[in-house]
Amino acid sequence: MKQIICKDLKIGYEKKILINSINLTISEGEYWCITGANGMGKTTFIKTLLKLIPSISGEIILSDGLHQTDIGYLPQQKIHQKNFPASVEEIVISGNLNKSKLRWYYNKEEKARAKQNILKLGLKGLEKKSYNTLSGGQQQRVLLARALCATSKIIILDEPVSGLDPNVTQDMYNVIKKLNTEDKITIITISHDVQLATQDATHLLHFEKDGKYTIKLKGGSKC
Ligand SMILES: Nc1ncnc2c1ncn2[C@@H]1O[C@H](COP(=O)(O)OP(=O)(O)OP(=O)(O)O)[C@@H](O)[C@H]1O
């Protein structure tokens, strides 16, 4: 089932076009990995998909009843965010805010969903801990559990393993792979580690200089 269709999508900022004419379709259950050198426009692309910034031209079509709120987002963590003074359970349950914005409390299902995602991400026992006392890998799991409270359809991740040591990095990739293969969640992730990231990806979107890009499918064939 098609979920996101980009048609002649031109991305960038005022007077600065980064990628010209992106044409691609992301379907349910796919795992897209976006690579490219620094400054090529990877983060700009996902922010454009998330409608956090406007495109220069072209279209992003959400297909088959998908809504913008069905797209979960794990942003790149900035240093000051690592010191956020809230508990694990408070952060995870806040993933429901998009849906509950007309209410000032969380309902039963939202609380159950938060509990379930805490379990799924191996955070049981850490619920009352303050986020700023956790390791980098645990913090990423908390943010992923939060994103899962917002959606069970698509998750977009901006460099989810940045700053993690190799074992924790592999752990994080395993968690993401499980969400993709077992829960059928569509994954769109940015990575600098092409080899590790593409071990699980079904599609490799590579941004190049001069506004160009390539798409490779698992197994190496181009499309
Ligand atoms: N708000 C902004 N206004 C203007 N230019 C911006 C803005 N944000 C980013 N840029 C510029 O757009 C270009 C692409 O940035 P982007 O963050 O999308 O690259 P990236 O491929 O994700 O890089 P990295 O791998 O370093 O994270 C860079 O030259 C950057 O300086």
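About the thresholds
Residues numbered from 1 in each chain as written. Predicted model: local features only at pLDDT ≥ 70, side-chain atom pairs only at ≥ 80, totals over all residues. Heavy atoms only, no water. Helix = DSSP H or I, 4+ residues; strand = E, 2+ residues; numbered from the N terminus. Rg over C-alpha atoms; globule rule 2.2 N^0.38 Å. Buried < 20%, exposed > 50% of the residue type's maximum accessible area, 1.4 Å probe, protein only. Contact = heavy atoms within 4.5 Å. Lys, Arg positive; Asp, Glu negative; His and termini not counted. Charge placed at Lys NZ, Arg CZ, Asp CG, Glu CD. Near = heavy atom within 4 Å. Polar contact = N/O pair within 3.5 Å; in protein donor to acceptor, adjacent residues only side chain to side chain. Areas by Shrake-Rupley, 256 points an atom, 1.4 Å probe, with all protein chains shown as cover. 1 Å grid on protein atoms, 1.4 Å probe; cavity = no way out; pocket = protein on both sides within 12 Å on 5 of 7 lines; lining within 4 Å. Sits in = over half its atoms within 2 Å of the grid points. pLDDT = per-residue confidence, 0-100. Pairing = 2+ DSSP bridges. Axes fitted to C-alpha atoms, helices over the stretch in contact; angles between N-to-C directions. Domains from an automatic or database assignment. Buried area = accessible area lost by both parts, 1.4 Å probe. Salt bridge = Lys/Arg side-chain N within 4 Å of Asp/Glu carboxyl O. Nonpolar A, V, L, I, M, F, W, Y, C, P; charged D, E, K, R; others polar.

Where an unreviewed UniProt entry is consulted, the chain appears under the name ABC transporter, with the organism given as Candidatus Epulonipiscium fishelsonii.

What follows deals with the overall build of the chain. Scanning the chain from terminus to terminus reveals six helices and nine strands. Here the chain has a C-alpha radius of gyration of 17 Å; the compact-globule value for 223 residues is 17 Å, and the two agree. Expressed as lengths along the three principal axes of its C-alpha atoms, the size of the chain is roughly 50 × 40 × 35 Å. Taking all 223 residues of the chain together, 46% fall into the buried category. Across the chain, the fraction of contacts at a sequence separation of at least 24, relative to all contacts at a separation of at least 6, is 67%. Distance from the positive charge centre (32 side chains) to the negative charge centre (22 side chains) of the chain: 2 Å.

A few words on the site of the ligand. With respect to spatial proximity, 13 residues lie near the ligand, and among them Lys16, Gly39, Lys42, Thr43 and Thr44 are the closest. In the model, an oxygen atom of the ligand is placed 2.9 Å from a nitrogen or oxygen of the asparagine 38 side chain. One of the side-chain nitrogen or oxygen atoms of histidine 192 is found 3.1 Å away from an oxygen atom of the ligand. Burial of the ligand by the protein chains amounts to 60% of its free accessible area of 640 Å². When each cavity is represented as a set of grid points, the ligand is found to reside in the second largest pocket. When contributions to the shell around the ligand are tallied by element, the ones reaching two or more residues are β2 (16-27) and α1 (42-49).

Moving on to the confidence of the model for the chain. Confidence along the chain averages 89 in pLDDT terms, with 92% of residues attaining 70 or more. Reported confidences for the modelled complex are a pTM of 0.91 and an ipTM of 0.96.

Pairing within the open sheet is antiparallel, and its three strands lie in the order β2-β1-β4. The open sheet has two edge strands, β2 and β4 (57-62), and neither has a second partner. Shown here is a sheet whose adjacent strand axes are inclined to one another by a mean of 15°, direction ignored. Across five bridges, the pairing between strand β1 (residues 2-13) and β4 is antiparallel. In the strand pairing of β4, isoleucine 4 is matched with leucine 62. Along the sheet, α1 contacts β1, β2 and β4; its crossing angle with β1, the most-contacted strand, is approximately 125°.

A separate point is the domain arrangement of the chain. When its domains are assigned, the chain resolves into domain 1 (1-68) and domain 2 (84-183). The straight-line distance from the C-alpha centre of domain 1 to that of domain 2 is 24 Å. Each partner contributes to the interface: domain 1 provides 10 residues, whereas domain 2 provides nine residues. Summing both partners gives a buried area of about 770 Å² for domain 1 against domain 2, and 66% of it is carried by carbon and sulfur. Taken together, domain 1 and domain 2 are joined by zero salt bridges. One can count three residue pairs in polar contact (both at pLDDT 80 or more) joining domain 1 with domain 2. When contributions to the side of domain 1 that touches domain 2 are tallied by element, the ones reaching two or more residues are β1 and α1. Looking at the side of domain 1 that touches domain 2 element by element, the count peaks at three residues for α1. Split by residue class, the side of domain 1 that touches domain 2 holds six nonpolar, three polar and one charged.

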